[in-house]
Amino acid sequence: MALEAKGHSVADAASSHHHLYEAYNELHTLSQHLSSTPFSSPAILVVGHQTDGKSALIEALMGFQFNHVGGGTKTRRPVTLHMKYNEECVGPVCGIVDEEGNGVVKEKSMEEIQAYIQSENLRLENEACQFSPKEIIIRVEYKYCPNLTIIDTPGLIAAAPGRKNSSLQGQARGVESLVRAKMQHKEFIILCLEDCSDWSNATTRKVVMQVDPELSRTIIVSTKLDTKIPQFSCASDVEVFLSPAESTLDGFILGGSPFFTSVPSGRVGSGHGSVFRSNAEFKQAVSLREVEDIGSLEEKLCRPLSDKERSRIGVSSLRHFLEELLRKRYMDNVPLIIPLLEREHRNGVKRLNEINQELSTLDESKLKEKGRNCQDLFLTKLSLLLKGSVVAPPDKFGETLQDERTNGGAFVGPDCLQFPHKLIPNAAMRLYGGAQYHRAMAEFRFVVGGIKCPQISREEIVNACGVEDIHDGTNYSRTACVLAVAKAQDTFEPFLNQLGFRLLHILKRLVPICIYLLQKEGEYLSGHEVFLGRFTSAFNNFAESTERGCREKCMEDLVSTTRYVSWSLHNKNRAGLRHFLDSFGASEQAIANSSPSYSGSYQEPALASNANDKQDNKAKSDTKLGHAISGTDSGGSPQTTETRLADLLDSTLWNRRLAPSSERIVYALVQHIFLGIKEYFLASAELKFNCFLLMPIVDKLPALLREDLECAFENDLDSIFDVSRVRSSLGQQKRDTEIELKRIQRLKEKFRQIHEQLCREQN
């Protein structure tokens, strides 16, 4: 009777463990398809660099070969293996969990699974993103399998430095990011593989410790032991390798010390290149290699290994340790899983009720009402963003000035240089809405306001003189006007286009921010992408047309100020110009009085037979121009108006030689006219963009959108809301949610029964 009772207790324990593994396998599969799952079932996560032997070690743990093994990157998607011991399965019974998310297991042969994994690796190898975090989930039952859930990750890449290896460096970052994301799951036990004979070379541990700095949930495994044993020259080296100090490993690893494994090379198959004819032969070779490794170590140490040391050598020791550790984690986590499943079930019921509520509102009147409410809320959010708000996270929606220049264009002058962004106030801050609009306008004022009049060459001055329609005299005031308006037109027109494009970029960014706020408050019309697309398109079209009209108004102002010069408008600083001309005239007179030979310093080819006479006349005309400007003659006595006028005409109308005095006067006039145009352009552009771009968004856009929406409601409601497609989408969501609720409910009952049975066993 005692033997019979003992047999029943063993059978009950086995049955309990069987249901426990089944429940956790189903829980892990469910967690892959729940976007906000609050739980993660315990599993072994294998992490290592390329060619560390990850996939080969997993195959040795399983007792059969299945994976795409070889040099380089062979694993491009994580492979999750739900392994279950079943003594009745002489050969591996495998299946792949359907990737559609319904949890259905499709039974596959070993060859089909191998072909699928290889095809996925080849597919990803040819894509831009060569790695995928989505797991391939495989169920296996086999008489040689342990009760384990193991996740094989892509191998970490140690890329060489240098620009020629930039592609491989990008892949290395992608793989490390994927592996680190997997290691973030606190329930995962990390199996850290190191292929080294010196524990100070922490290649894989360096990555693992970024997530698990104390190595409290990490098991370290030294692979390829059979290749390392011959490298040791003395017994002390082997002792240090088998029992490294805790300080060397930088943490307190699970199990207290590393494990050491060897896996024989060669594939299972019937082909010419196959080494093993069956999985049983492969498993036997693994066991034989374990015995050989122990013998080689004892030979190097010149002593037999202790029981503790033997418990760390070989695949079988690692397998037993992992199985016991995972079983204990499973049992400890059972009480914690039940309340989490109940919470997920409540969330599912809530989602189902929301879907039913949406289905009940899919009639014409209610859809119109929801559309109007959504539009009004959108306009409210838009106004709030322009006035100033912090309801949207700046780190997600804000732009620094550098980002804004990259996405919306920079203010670039004729020299093709950008103004240093650090000199603009709030340049490093991530802004949106009205604050970003104001910063862009401030940068426009700052950049354009600092522009100086471009340099003018003597050739440009002479070419601008030309010939009048009734005489061939020279009019330097007209010359200055021609030069100033041409320079102003070329300088300011590009800035006008750049300002319009930048402000349009800022306004268009408001749409996704408003939609985010609607989603945050639960007012977003989910499933009605056609309506939202029409809404967004109407806003963008209005913003583009308004910006274009505003820019045209600004262009009219620029054309008017560069087409006709009004001295009262363009010569803003008349006192400054008079002061310049007075000082210039005085300096010219002083030069003429103190240096009579100055006339000889300016030489040009003679146009008449007597060059010396020409030079004398030139000197006289320059001197007379100075007298005319200063109002005095050479003796310092006042001149008559007629004399000053004759001297001025002699210098500027009848003489076409461009003396330094004439050049300086022309340049001074051009500068003052250019300054007047710039000041008017700045004030006019800012005022018009505020009045004819910003204000219409506030006061004209709401009425236009409402009119457009009502017109669409009257003409073709179905094309806006696409009721049939939305009803079909909601129906599918309802069916998926109902299936998900049934799976959660079934898991709840399983874990509750397991918990009750474990409690009875403890009592």
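Sequence order as written defines residue numbering, which begins from 1 separately in each chain. Per-residue local features of the predicted model are confined to residues with pLDDT of at least 70, and side-chain atom pairs are confined, for both listing and counting, to 80 or more; whole-chain, interface and lining totals are unaffected and use all residues. Calculation of side-chain values draws on the structure's entire complement of heavy atoms; hydrogens and water are dropped beforehand.

Re the overall build of the protein
Where we set the bar: A run of DSSP states H or I qualifies as a helix once it reaches four residues; a run of E qualifies as a strand once it reaches two. Both are numbered from the N-terminal end. Only protein chains enter the accessibility calculation, which uses a 1.4 Å probe; a residue whose area is less than 20% of its type maximum is buried, one above 50% is exposed, and one in between is partly exposed. The contact criterion used is simple: two residues touch if any of their non-hydrogen atoms lie within 4.5 Å.
Within the protein one finds 27 helices and nine strands. Expressed as a percentage of the 763 residues in the protein, the buried residues total 45%. Within the protein, counting contacts between residues at least 6 apart in sequence, those at least 24 apart form 80% of the total.

Concerning the packing of helix 15 (residues 434-449) against helix 17 (residues 476-508)
Each pair of packed helices can be described by the angle between their axes along with the distance between the axes. Counted only if it meets this: Structural elements are reduced to axes, namely lines fitted to C-alpha atoms, with helices fitted over the stretch in contact, and the angle between N-to-C directions of any two is expressed from 0 to 180 degrees. The cut-offs work like this: below 35 degrees is roughly parallel, past 145 is roughly antiparallel, 65 to 115 is roughly perpendicular, and the gaps in between are oblique. In the scheme used here, Gly and all other residues not listed as nonpolar or charged are polar, with Ala, Val, Leu, Ile, Met, Phe, Trp, Tyr, Cys and Pro taken as nonpolar and Asp, Glu, Lys and Arg as charged.
Put simply, helix 15 and helix 17 touch, their axes get as near as 10 Å, and they point 170 degrees apart. By the criterion of interaxial angle, the relationship of helix 15 to helix 17 is roughly antiparallel. Only Phe492, Phe495, Leu499, Arg502, Leu503 and Ile506 of helix 17 make contact with helix 15, whose side of the interface consists of Gln436, Tyr437, Ala440, Met441, Glu443, Phe444, Val447 and Val448. Here the contact of helix 15 with helix 17 is built from residues that sort into eleven nonpolar, one polar and two charged.

A word on the packing of aromatic side chains
Keep this limit in mind: Put simply, two rings from Phe, Tyr or Trp (the six-membered ring, in Trp's case) pair if the centres are within 6.5 Å, and we call them stacked under 30 degrees between planes, edge-to-face over 60, tilted for the rest. Here, a charge over a ring means that NZ of Lys or CZ of Arg falls within 6 Å of the ring centre while also lying within 35 degrees of the ring normal.
Scanning all chains against the criterion turns up twelve aromatic pairs. Between Phe378 and Phe539, the aromatic rings sit 6.2 Å apart at their centres with planes inclined by 80 degrees, giving edge-to-face as the arrangement. Within this pair, whereas Phe378 is found in helix 12 (residues 364-387), its partner Phe539 is found in helix 19 (residues 529-561), the two being separated by 161 residues in sequence. Both residues of the pair, Phe378 and Phe539, count as buried. Each member of the aromatic cluster is reached from another via a ring pair, and the members are Phe411, Phe444, Phe492, Phe674 and Phe681. Of note, Arg502 hangs over the ring of Phe411, and the distance from its end group to the ring centre comes to 4.7 Å. Here the guanidinium or amino end of Lys553 rests over the ring plane of Phe692, the centre of that ring lying 5.0 Å away.

Structural notes on helix 14 (residues 401-408)
Here is the rule: Starting at the helix axis, one direction is taken to each C-beta atom, and the arc is that of these directions.
For helix 14, the set of buried residues is Leu401, Glu404, Arg405 and Gly408. Along the long axis of helix 14, the arc covered by the buried residues comes to 100 degrees, so they all point the same way. Next to the buried residues of helix 14 lie helix 15 and helix 17. Directly after helix 14, the chain includes Gly409, whose backbone phi takes a positive value near 95 degrees.

Focus: the packing of helix 14 against helix 17
In contact at an axis separation of 9 Å, helix 14 and helix 17 are set at 105 degrees when each is read in the N-to-C sense. By the angle between their directions, the pair helix 14 and helix 17 is classed as roughly perpendicular. For the pair helix 14 and helix 17, the contacting residues are Leu401, Glu404, Arg405, Asn407 and Gly408 in the first and Phe501, Arg502, His505 and Ile506 in the second.

Some remarks on the nonpolar core
Let me state the cut-off plainly: What we call a nonpolar core is a set of buried Ala, Val, Leu, Ile, Met, Phe, Trp, Tyr and Cys residues that are connected through their side-chain atoms within 4.5 Å.
Counting 73 residues, the largest nonpolar core has Phe378, Phe444, Leu503 and Phe689 as its most contacted members. Of all the secondary-structure elements, those providing two or more residues to this core are helix 12, helix 15, helix 16 (458-465), helix 17, helix 18 (510-520), helix 19, helix 24 (660-699) and helix 25 (701-715). Counting residues in hydrophobic clusters, the runner-up holds 41 residues, among them Leu57, Leu61, Leu148 and Leu193.

Some thoughts on the pairing of strand 7 (residues 188-194)
To keep it simple, the criterion reads: In this description, strands pair whenever DSSP reports at least two bridges between them.
Within strand 7, seven of the seven residues are buried, leaving the element largely enclosed by the surrounding structure. Side-chain alternation along strand 7 places Phe188, Ile190, Cys192 and Glu194 on one buried face and Ile189, Leu191 and Leu193 on a second face that is also buried. With five bridges joining them, strand 1 (residues 43-47) and strand 7 adopt parallel strand pairing. By the bridge assignment, Leu45 is partnered in strand 7 with Ile190.

Digging into the side chain of Gln171
For Gln171, the location among the structural elements is in helix 4 (residues 166-183). In this view, Gln171 contacts Arg76, Gln130, Phe131 and Ile157; residues no more than four positions away in its chain are not counted.

Overview of the environment of Leu156
Within the secondary structure, Leu156 sits in the loop between strand 6 (148-152) and helix 4. Those residues in contact with Leu156, other than ones at most four positions away along the chain, are Val47, Gly48, His49, Gln50, Val175, Glu176, Val179, Thr204 and Val207.

Section: the environment of Lys300
Its location among the elements puts Lys300 in helix 9 (residues 279-301). Along the primary structure Lys300 and Asp237 are separated by 63 residues, whereas in three dimensions their C-alpha atoms are 9.5 Å apart. Apart from the residues within four sequence positions on either side, Lys300 is in contact with Ile229, Pro230, Phe232, Ala235 and Val238.

Focus on the sheet that holds strand 1
Strands in a sheet are paired, the pairing made by backbone hydrogen bonds, and the direction either parallel or antiparallel. Reading across from one edge, 4-3-5-2-6-1-7-8-9 is the order of the nine strands in this open sheet, with mixed pairing throughout. The sheet is open, and its two edges are formed by strand 4 (105-108) and strand 9 (259-260), each paired on a single side. In terms of strand pairing, strand 3 (residues 93-97) meets strand 5 (residues 136-142) through four bridges, oriented antiparallel. Opposite Gly95, over in strand 5, you have Arg139 as the bridge partner. The strands touched by helix 4 are strand 1 and strand 7; relative to strand 1, the strand with the most contacts, the crossing angle is about 155 degrees.

Focus on the side chain of Thr153
Note the following rule: We call two N or O atoms a polar contact when they sit within 3.5 Å, provided that within protein one can donate a hydrogen and the other can accept it, with sequence-adjacent residues counted only if both atoms are side-chain atoms.
If you trace the backbone, Thr153 turns up in the loop between strand 6 and helix 4. A residue is classified by how much of its surface remains accessible, and Thr153, at 0% relative accessible area, is buried. Side-chain polar atoms of Thr153 contact the backbone oxygen of Val46, separated by 2.6 Å.

Quick notes on empty space enclosed by the protein
As a reminder of what qualifies: Residues are called lining when one of their atoms sits within 4 Å of a cavity or pocket point, these points coming from a 1 Å grid over the protein atoms alone, where a cavity is a set in which a 1.4 Å probe fits but cannot get out and a pocket is an open set with protein on both sides within 12 Å along at least five of seven lines. Grid points are joined across faces, edges and corners, and a volume is the space filled by probe spheres set on the points.
Across all of its chains, the model carries five cavities of 30 Å³ or more by this definition. Taken as a whole, the largest cavity holds about 60 Å³ of empty space. Every residue lining the largest cavity is listed: Gln375, Phe531, Arg534, Phe535, Ala538, Leu705, Asp708 and Leu709. Counting only elements with at least two residues in the lining of the largest cavity, the list comes to helix 19 and helix 25. Looking at which element gives the most residues to the lining of the largest cavity, the answer is helix 19, with four residues. Here the residues of the lining of the largest cavity are counted per class, giving five nonpolar, one polar and two charged. There is about 40 Å³ of room inside the second largest cavity. Taken together, Cys554, Asp557, Leu558, Thr561, Tyr680, Phe681, Ser684 and Ala685 make up the lining of the second largest cavity.

Overview of the pattern of salt bridges
So the rule is basically this: Salt bridge, as used here: a side-chain nitrogen of Lys or Arg that lies within 4 Å of a carboxyl oxygen of Asp or Glu.
Inspection of every chain in the model, using the stated rule, returns 25 salt bridges. Close ionic contact of Glu239 with Arg303 constitutes a salt bridge, the shortest N to O distance being 3.0 Å. One end of the pair, Glu239, is in helix 7 (residues 235-242); the other, Arg303, is in the loop between helix 9 and helix 10 (307-310), with 64 residues separating them in the sequence. Classification of Glu239 by relative accessible area gives partly exposed; the value is 29%. Given the relative accessible area of 27%, Arg303 is considered partly exposed. Among the ionic contacts, a cluster of salt bridges with common partners joins Glu404, Arg405, Arg439, Glu443 and Arg502.

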